[in-house]
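# Remarks on the overall topology
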Amino acid sequence: MRNSFVGSPVERREDLRFVRGRGQYVDDLNPDGLLHAVILRSSFAHGRIRSIDASATVKLAGVHAVITARDMPGGPPRIPMRLQPLPEFMPFEQGVIADTKVRYVGEPIAVVVATSVAVGEDALDHIVVDIEPLPAVSDCETSAAGDRLLFEQQGANCAMTFTAECGDADAAFKAAAYVRREKFRTGRHFGLTLEPRGVMAEWDAATGRLTVSGAAKVPFFNRRVLAEQMGLPEDSIAMIENDVGGGFGARGEFYPEDFLIPFAARYTGRPVKWIEDRRENLMAMNHARQAQVEVEIACAHDGTILALRGHAHVDMGAYMRTNGAVAARNIAQFMAGPYRIPNIRVKSSLWMTNKTPVGTYRGPGRFETDFFRERLLDMVAKDLRLDRVELRRRNLIPASHMPYPLPAIAPFPASDEIDSGDYRATLDRCLEEFGWADKAKLAGKLIDGRFHGLAVGCFIEGGAAGPKETARLEINPDGSVAVFIGSSAVGQGVETVFAQIAADALEIPMDRISGVHHGSTAYVSDGYGAYHSRSVVMGGSALLDATKNLHNLIRTAAAKRFGCLPSEIKISEDGIVGPHGSSARFADFAGLTAEGAFLNKKHTYTFGAHAAHVTVDARIGRIEIIDYLAVTDCGRIINPMTVRGQVIGSLVQGLGGALLEDLKYDKDGQLLTGSLADYLLPSASDFPNLRAVVTEMFPSPINPLGAKGAGEGGIISAGGVVANAVANALGAFGVEPRELPLTPQRVWEMVEAGRLAT
Amino acid sequence: MKLPAFDYACPATLAEALALLASRDDAKALAGGQSLVPMMAFRIASPSLLVDLRRLSDLRKIAIDTSGVRLGAMVRWRDIEDDARLNGAHPLLKAAVSHVAHYQIRNRGTVGGSIAHADPAAEMPGIAVTCDADIAVTGTRGARVICADDFFIAPLMTALAADEIITEIRLPAWPPRRRWGFREFSRRRGDFALAAAAVFFDVDDAGKAYNAHIGAIGVGDRPARLPAAEAEVNGQVVDIAISERAGRAASASVDPQSDIHASGAYRKSLIGTMVERALQSAAGMSAL
């Protein structure tokens, strides 16, 4: 049987569980004897801890323990960087609990373990903490001034400067006919998950085994970190992945609580659970996005881009967290995006500030840098009186230049190239599907009190990060096959797409894939998880390898049974057939299991174009999305329905970042947006007019599936395209957005400034 | 985000409720809880006793007669939305209530709760002030009636004594030919207003407006009528020019504070636009 589950819009297998309310989240776990942890968090942005007195607290009814840095022999362990683990970053890594200083509002100071969360929260009021407040560093400028240091022994607040480079930017600028310099900023957002984080840890003193539920994204890496911190052998820790309500890059990284809760379980000898509440979530989960840049572009008169030069400054928050450097690095390396720019030098500096530390959030660095670049391109088009579409088409990397090398990045160099694609094809498809030629006539028009604006932009999306993924197949007693995979589920639909891939590879019906078991450390020998849009490409490719290995095992076993050569065995949906009428069923080989792996040093590059039609009520600054189309080519499509879902979902998040979301701090480093009444998320009714077209014109040449990572593309273009559409709508007022989010107030201010100028 | 410990009572009569409320200095009436309970979860408020008014069925009635509309304090937003009589009896109230929060909140939040909470950006206090409503309250020392303009003092501060309960909001009768408009701008639908305008006026045989009432929401520390804007409307045929003049007068007569949601200058501009558009809508012109 030749299956074709891959490529079909198979409904998500996991949805039935979720819509029936039968998902199992970490907060659903309530083992006997469970205690609850609540965390005392710093209310100061910056200060020196003089003393912590919990003597009255431990005596309260229902309180079992209060844990502070003093309870950790040898001091609180640090959380190591997972990505770009450069030695320069080590002094800026976060300890699991504040010891001598606090550096952001929300930093853990003490853990109360109590019979209920309510009792624990009441107990927090009884802990007496004496902190000597220090002046706070609340933005990059203050950080760069250098008179207030987060880490005194470092002597400066700059953790690193990355440089992305190719060609000779300075020479190109000297010779260029046209140069434009601009400054842009993006707001502070984060990958807010509907279900906040949670950890539940159980310690078995008799066997010395630790079980940690609530693991996500990278359970194997986190197990290595936790084993080291707890002084336990790795194989005595089981990390269990439960259902999760969203990942977005933020959930599943190693946070302080990922140590504190297992530590509390061992300390008390009881199972301990901690569920982040929304207020904590806004100040404890990784922040992202806040960057500013001064950037220059050099072009020939015909709009050919000659060079890009600039310096970005990224507001890192108080510590270098596990993947904290990724966005800053990407801002530099991907500023050119899908365009052929022969000379580039872009620096990106990482500034420590007294705010919640940053980490990756869907499209890290790419959302920011695409906003900078796409804004710049529309300004260039206006200056040079060129058509915006033509300017882009002229500068897109031609298909004939693939694979195309990315600019070199340093430090932590990794040579990288774009694998395949025809960027003009997706741009043209986008314009055609969108009806650009007709709609563009509305540009700048005032109709019924609203100004209409259009914009189009192009993007690339990296995916499929290595180094490795592991998959295992096992034949069940009933002859069905179970899939075990090192990839993690954070909402992408992996239980469905891996079943599709496995069914096709094994050439059996999908209902004979009994289940896809993902994430938890018990399932495969080694796993790398879900980040950088890697799960399907890496796990799926490993699954193909596991299939080959399982078939070999079946052939060997069957050959032995039938007394023939393995090469004489035929495996089909109906069973296993040997020579001379001999046959067997899959069930006859129950228990056979084979692991497979896929190793990869390269990345896939999904690409596409977005177009938007907006209206602006200039009197009040209100923006409405009338139509928004994302065209994405992501190589071989496993499931067009789930890919479209990914594009629309990430597009909504992108529009949230473009229009609504902003984590605000005051000068003292106090978080001003401490609830969802103040941090505005898009809701289901805010953006009804979004469309996604996914194509598979260019399979990736670097993996056997031909698939490319596709979880992030929707978010990447949103800021730049919406801002360009607003500029287009408000051309009469000379409005040029340079800062996100485009709040109504900002739009109104730009319009008013334009009214005064004319 | 767990509530601090508190006692809870759910009396069956107003007299019991009043006695309970008077029994402790920090007792609070619970009338839907859509503002109070989140404040308790954030530990901004920590009353030791909550007196739940949900069983007081007398307070859940909407009465309509020649004297006007009387809304029991425990009438929910949902009850107003569902009451077709109000389409004619008080269309401005109905329009304003459609902007209150989201379905789930409109199913629980009450008129009296909102009036007692006195958020300057909330719709109901704005309607009460704009329409010269009377607020009927009862305490252990007796009943009294406070006009809305005297009732609201400052953000979350009212003339209601700690041991009093609001029983009714009385909106004066609404003549059938009255012209009205309501415009609100919030970041997302259901969010608190950055600015909102509630307006109505009556029209004489010559088509000229009189009895203009223009109320501003979200641009001061309490809702307020704007006499300077009303003066631009009274005695005039309301057209584009008049609405613009009234809008400018509205902007000029407020001095809103800046907060993380909007600057004072932006709010000042917004209220002018909202008044202008509400007046245009009232006059039957197409308006955003």
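Residues numbered from 1 in each chain as written. Chains lettered and ligands numbered in written order. Predicted model: local features only at pLDDT ≥ 70, side-chain atom pairs only at ≥ 80, totals over all residues. Heavy atoms only, no water.

## A short note on the packing of helix α5 (residues 219-230) of chain A against helix α6 (residues 256-268) of chain A
All names here are of chain A. One can describe the packing of α5 onto α6 by two numbers: an axis separation of 11 Å at closest approach and a directional angle of 50°. With respect to α6, the element α5 is oriented oblique. Seen along the crossing, α5 lies across α6 with a hand that is right-handed. For the pair formed by α5 and α6, the contact residues are L226, Q229 and M230 on the first element and D258, F259, P262, F263 and R266 on the second. (Axes fitted to C-alpha atoms, helices over the stretch in contact; angles between N-to-C directions. Helix = DSSP H or I, 4+ residues; strand = E, 2+ residues; numbered from the N terminus. Parallel < 35°, antiparallel > 145°, perpendicular 65-115°, else oblique. Left-handed = near helix turned anticlockwise from the far one by under 90°. Contact = heavy atoms within 4.5 Å.)

## Digging into the packing of helix α10 (residues 388-395) of chain A against helix α11 (residues 423-434) of chain A
All names here are of chain A. Look at α10 against α11: their axes get within 10 Å of each other, and the N-to-C directions meet at 160°. Between α10 and α11, the angle falls in the class roughly antiparallel. For α10 against α11, the interelement crossing comes out left-handed. Residue-level contacts link V389, R393 and R394 of α10 to R424, L427, D428 and L431 of α11. For the contact of α10 with α11, the class distribution of residues is 3 nonpolar, no polar and 4 charged. (Nonpolar A, V, L, I, M, F, W, Y, C, P; charged D, E, K, R; others polar.)

## Describing the side chain of A:R278
All names here are of chain A. Positionally, R278 belongs in helix α7 (residues 278-284). Despite being buried, R278 has no salt bridge partner; E276 is the closest side chain of opposite charge, sitting 6.3 Å away. Of note is the side chain of R278, whose polar atom sits 2.9 Å from the backbone oxygen of T193. (Buried < 20%, exposed > 50% of the residue type's maximum accessible area, 1.4 Å probe, protein only. Lys, Arg positive; Asp, Glu negative; His and termini not counted. Salt bridge = Lys/Arg side-chain N within 4 Å of Asp/Glu carboxyl O. Polar contact = N/O pair within 3.5 Å; in protein donor to acceptor, adjacent residues only side chain to side chain.)

## Re the nonpolar core
Residue and element names in this part refer to chain A. In terms of nonpolar packing, the biggest core is built from 120 residues, with F89, M320, L350, Y628 and L730 touching the most fellow members. Sort the elements by how many residues they give to this core and helix α9 (residues 366-383) lands first, with 8 residues. Residues contacting Y628, with those up to four places away along its chain left out, are H610, A611, A612, L651, L655, N689, L690, R691, S717, A718, V721 and V722. Counting 44 residues, the second largest nonpolar core, distinct from the first, contains I475, V494, L506 and V516. (Core = buried A, V, L, I, M, F, W, Y, C linked by side-chain atoms within 4.5 Å.)

## With respect to the sheet that holds strand β13 (residues 291-299) of chain A
Residues and elements named next belong to chain A. Read across the sheet, 6 strands follow the order β8-β13-β14-β15-β7-β17 without closing on themselves; strand pairing throughout is mixed. Two strands close off the open sheet at either side, each with one partner strand: β8 (178-186) and β17 (408-410). On average, each strand axis in the sheet is tilted by 10° relative to the strand beside it, whichever way the strands run. Note: strand β7 (residues 158-166) against β17, 3 bridges, orientation antiparallel. By the bridge assignment, A164 is partnered in β17 with I409. Lying on the sheet, helix α8 (residues 326-333) is in contact with β7, β13, β14 (305-315), β15 (343-351) and β17; it crosses β15 at an angle near 160°. (Pairing = 2+ DSSP bridges.)

## Regarding the domain arrangement of chain B
A common way to report how large an interface is uses the accessible area buried once the components associate. All names here are of chain B. By domain assignment, chain B separates into domain 1 (7-49), domain 2 (59-172) and domain 3 (179-282). On the side of domain 3, 22 residues touch domain 2, which itself brings 25 residues to the contact. Carbon and sulfur atoms make up 62% of the surface buried where domain 2 meets domain 3, a total of about 2,000 Å² over both sides. Taken together, the connections running from domain 2 to domain 3 amount to 2 salt bridges. (Domains from an automatic or database assignment. Buried area = accessible area lost by both parts, 1.4 Å probe.)

## Here we look at empty space enclosed by the protein
Residues and elements named next belong to chain A. What the rule picks out here adds up to 3 cavities of 30 Å³ or more. Considering only enclosed or pocket space, the largest cavity measures out at about 120 Å³ in volume. In terms of lining, the largest cavity is formed by 16 residues, of which the most central are G198, V199, G214, G252 and D258. Those elements that provide at least two residues to the lining of the largest cavity are β9 (198-204) and β10 (209-215). The leading source of residues in the lining of the largest cavity is β10, at 4 residues. Partitioned by chemical class, the residues of the lining of the largest cavity number 7 nonpolar, 5 polar and 4 charged. (1 Å grid on protein atoms, 1.4 Å probe; cavity = no way out; pocket = protein on both sides within 12 Å on 5 of 7 lines; lining within 4 Å. Points joined across faces, edges and corners; volume = space filled by probe spheres on them.)

## Structural notes on the pairing of strand β5 (residues 108-114) of chain A
Residues and elements named next belong to chain A. Most of β5 sits inside the fold, with 7 of its 7 residues counted as buried. Summarising the sheet, strand β1 (residues 35-41) and β5 pair through 6 bridges and their orientation is antiparallel. Within the sheet, the bridge partner assigned to L40 lies in β5 and is A110. With 4 bridges connecting them, strand β3 (residues 63-67) and β5 associate as antiparallel partners. Along β5, the bridge assignment pairs V63 with A114.

## Quick notes on the interface of chain A and chain B
The interface of chain A with chain B comprises 32 residues on the first partner and 22 residues on the second. Across the chain A-chain B interface, the total number found is 4 salt bridges. In this structure, the salt-bridge partner of B:E276 is A:R619, at a minimum N-O distance of 2.8 Å. The tally of links from chain A across to chain B stands at 14 residue pairs in polar contact (both at pLDDT 80 or more). Mapped by element, the contributors of at least two residues to the side of chain A that touches chain B are α2 (117-124) and α18 (744-757) of chain A. When its residues are assigned to classes, the side of chain A that touches chain B shows 12 nonpolar, 6 polar and 14 charged.

## Regarding the environment of B:F151
Residue and element names in this part refer to chain B. Structurally, F151 is set in helix α9 (residues 148-151). Look at F151 and you get buried, because its relative accessible area is 0%. When the C-alpha positions of F151 and I165 are compared, they lie 13 Å apart, and in sequence the two are 14 residues distant.

## Description of the packing of aromatic side chains
The description of an aromatic ring pair rests on the distance of the ring centres and on the angle between the ring planes. As enumerated under the stated definition, the model contains 19 aromatic pairs over all chains in all. Considering the side-chain rings of A:F151 and A:Y319, the 5.8 Å spacing of their centres and the 80° angle between planes classify their relative orientation as edge-to-face. Here A:F151, found in the loop between α3 (140-145) and β7, pairs with A:Y319, found in the loop between β14 and α8; they are 168 residues apart in sequence, far enough to count as distant. On the numbers, 5.1 Å between centres and 80° between planes, the contact of B:F151 with B:F152 is edge-to-face. B:F152 gets classed as buried once you look at its relative accessible area, which sits at 2%. Taken together, A:F92, A:Y104, A:F151 and A:Y319 form an aromatic cluster joined through their ring pairs. Positioned over the ring face of A:F173 is A:R309, at 4.1 Å from the centre of the ring. Stacked on the ring of B:Y103, the Lys or Arg B:R106 has its end atom at 5.1 Å from the ring centre. (Phe/Tyr/Trp six-rings, centres within 6.5 Å; stacked < 30°, edge-to-face > 60°. Lys NZ or Arg CZ within 6 Å of the ring centre and 35° of its normal.)

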